[in-house]
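# Survey of secondary and tertiary structure
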Amino acid sequence: MNRRVETAINSIGKPLFAIFVSLLIGAILIIPTGTSPIEAYSILFKGAFGSWQGITTSLAYATPLLFTGLGAAYAFRAGVFNIGLEGQLYFGAIAAALVGVYAPEMPGILHIILCIGAAMLAGMLWSILPAILKIRYNIGVFITYIMFNNIAQLFSDYLATYPFKGELSFGATYKVSEKVFLPKLAGEMIDLNFGFVIAILLAIFLYILLFKTQFGYESRAAGINVGFTEYMGVDAVKKTLVVVMISGAIAGLAGAEQVLGVSHRYISSFSPGFGYMGITVALLARTNPLACIITAIFFGALNNGAIQMEIFTNISRDLVTAIQAIMIIFIAADFAWKKRKGIKKQEKKPSQSKEEVA
Amino acid sequence: MDMMTMVLETTLRLLPAILFASLGGLITQRIKLVNLGLEGFMLIGAFVAVAVSYYTGSAMIAVLVTVIFCGLMGFTFAVFHLKFKADNIVISVAINMFALGITKYFMNLLFGVRGAFSSPEIVGLPKLRLAFLDEIPILSAFSNLSVFVYLALFLVVVTHVVLYRTKIGLRIRATGPNPMAVETAGVGVYRLKCWVLTVSGMLCGLGGAYLSLGQLTMFTDNMTNGRGFVAMAASNFGNAAPIGTFWGTALFSFSDAVTMRAQLYGFPPQLIQMLPYVVTVLTLVVMAMVKERKMKRGINHG
């Protein structure tokens, strides 16, 4: 029982502490603008939750974050630090858009499945290359993933600006066939669409997969200790590849949701960093897929509210990006809660640096 | 100027920003720590430099403040990583995100603009005018470069000397492979690592300041645009040795310079902007293949 309480404090108290500290630092940053932080935050909160429109828009903002957050959470659980979600999302989006525009005439449901399948495949393939380079040549995944993010975005933008340019004056494809639109959930004016339902179902599915199946057990074991899993006879390399592929496919799905549900075409540089924000979502949820639902909605609301705040005050929405970053640092830090609770301080392990050389 | 001289001059102009940061990456790599936050440090450095230069009208003060500021950020990184045990990659991701948000926020707050800030009141870094080189082919590329180009090259030598010829360099080099031995020798590894990360931040600050006050005299959103990561790749290219790292940055700056020229001939900009990243990945792959072949040969001969 005591241990349970401790775990609960650790898994809920710590994120709450991180949220509190980062909002406090945010408040200090707001002061020089001349607006009172309390007023700014209340406008932010009202914008995000104050009306039906606000709530549904927040959920719409949360949808891509939930997808990328799940992609990140699943990978982190299995010990793979997939920071290439942004690129996988871009390739997912362009794949969904191209299949949505150029596939031959077919029944609607089949067409949707094909679009989503193409997006997942694209994300999967793009995620697996750096992993292969790591396994084959021991090239660190961190740099390759970041390079791959830039390459994917620029190449998708190129495709939408040159060979597959649509009728618009800027770099965007044609509108996808109306049959592949994901149905809207809160009226035509609000971006919330069926993708949100898919994301929730995916969260539940991943939770069951991770915590209730043999496969999930092996994935989690791989995350805790690679050497130990090898001892158990699980082929660590193969496992890593499967994890990366699933994670990449989920990121591709996020791209598909944006194209099929929101913009209905690929638009150049559409992502404001959904892939990177997914990392925050996953970390704040302590890589628990179900908790990701809450943290994604939290960040969706924060982003939505920030726009309202920018409209009604002189505070730029970029503040929220900085607040999220501070949140990540505080959630990643270990301030030795045990010590504070009076339990005998355990000898800390020497700090482990990721030393992977690219 | 002929084509070759122009490409050389562009390469030299692009070099310092990446070179400073890659020296920062190199020293953290020596203590076995991947610091992907180089990008964020640089971006914040670039912003601080422009802001201070604008308000004080002095590039000297701007550089000084930037170096101190980025050093403090490096120190913060060290504290969170070493003391509070936060994962270094997670901190790096957070720092880069923070830099992106905070620079935009303060640009809007201080100057009331979005996207880019430029003003005649921003004082750039001085240039070293070598008029006698004007008429000499190829060498004329050196005739009007920022002093920071020379400072960057000088710091490569300094880093080399410090790493291989001084006691502190020996300690840094030993900390990576064998921290215990260093600790046993009575050196505080914790403090040493803190210093390395602080200096790494300072070097990135120099890189950022050069970017916004030397290469250009303005600040734009995300103006580092991946240079911090390229710097990290360059340090890997050189196996964390200063001279090798220099060649890595030279290669990347050269490919950047070539693509900038290519842009003038009407190639799709996205494909051209993609090239430096592709070159980086390909270089890493080729390097790994060469290393592997060398190792195999070593085994065969041994």
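What you see is a predicted model, and the numbers here were worked out from it, not measured in a lab. (Residues numbered from 1 in each chain as written. Chains lettered and ligands numbered in written order. Predicted model: local features only at pLDDT ≥ 70, side-chain atom pairs only at ≥ 80, totals over all residues. Heavy atoms only, no water.)

## Focus: the nonpolar core
Formally: Think of a nonpolar core as a cluster: buried Ala, Val, Leu, Ile, Met, Phe, Trp, Tyr and Cys residues, connected wherever their side-chain atoms sit within 4.5 Å. Buried means the residue's accessible area, taken with a 1.4 Å probe over protein chains only, is under 20% of the maximum for its type, while exposed means over 50%, and partly exposed covers the values in between. The helix and strand labels rest on DSSP assignments: H or I over at least four residues marks a helix, E over at least two residues marks a strand, and numbering proceeds from the N terminus. In this analysis, two residues are considered to be in contact whenever any of their non-hydrogen atoms come within 4.5 Å of each other.
Ranked by size, the top nonpolar core spans 197 residues in total, and within it Ile83 and Leu260 of chain A together with Leu36 of chain B carry the most contacts. A per-element tally of this core places helix H6 (residues 141–161) of chain A first, with 13 residues. Residues contacting leucine 36 of chain B, with those up to four places away along its chain left out, are Ile83, Phe142, Ile143 and Ile146 of chain A together with Ile89, Ser92, Asn96, Phe229 and Met232 of chain B. Listed in part, the six residues of the second largest apolar core include Leu59, Ala60, Ile190 and Leu192 of chain A.

## Focus: the interface of chain B and chain A
The line we're drawing: Note on terms: buried area is the combined drop in 1.4 Å-probe accessible area of two parts once they are placed together, counting the loss on both. Any carboxyl oxygen of Asp or Glu that lies within 4 Å of a side-chain nitrogen of Lys or Arg is treated as forming a salt bridge with it. A 3.5 Å cut-off defines polar contacts: any pair of N or O atoms within that distance qualifies, except that in protein one atom must be a possible hydrogen donor and the other a possible acceptor, and neighbouring residues in sequence count only when both atoms are side-chain atoms. Throughout, the ten residues Ala, Val, Leu, Ile, Met, Phe, Trp, Tyr, Cys and Pro are labelled nonpolar, Asp, Glu, Lys and Arg are labelled charged, and all others, Gly among them, are labelled polar.
Counting from both sides, the interface comprises 48 residues of chain B and, opposite them, 57 residues of chain A. Together, the buried faces of chain B and chain A total about 4700 Å²; carbon and sulfur atoms form 75% of this surface. When the area that chain B buries against chain A is broken down by residue, the three leading residues are Met97, Tyr105 and Gln270 of chain B, summing to 15%. Here chain B and chain A share three salt bridges between them. Here glutamate 310 of chain A makes a salt bridge to arginine 114 of chain B, at a shortest N to O gap of 2.7 Å. Across the contact surface, chain B and chain A share five residue pairs in polar contact (both at pLDDT 80 or more). Counting only elements with at least two residues in the side of chain B that touches chain A, the list comes to helix H3 (59–83), helix H4 (88–111), helix H9 (227–237) and helix H11 (269–301) of chain B. For the side of chain B that touches chain A, a count of residues per class yields 32 nonpolar, nine polar and seven charged.

## Describing the state of the cysteines
Residue and element names in this part refer to chain B. What counts is decided by this rule: Whenever a pair of cysteine sulfur atoms sits within 2.5 Å, that pair is classed as a disulfide.
All told, the structure shown has zero disulfides over all chains when counted by the stated rule. Free cysteine: cysteine 194, not disulfide-bonded; nearest cysteine sulfur from cysteine 204 at 16 Å. For cysteine 194, a relative accessible area of 7% gives the class buried.

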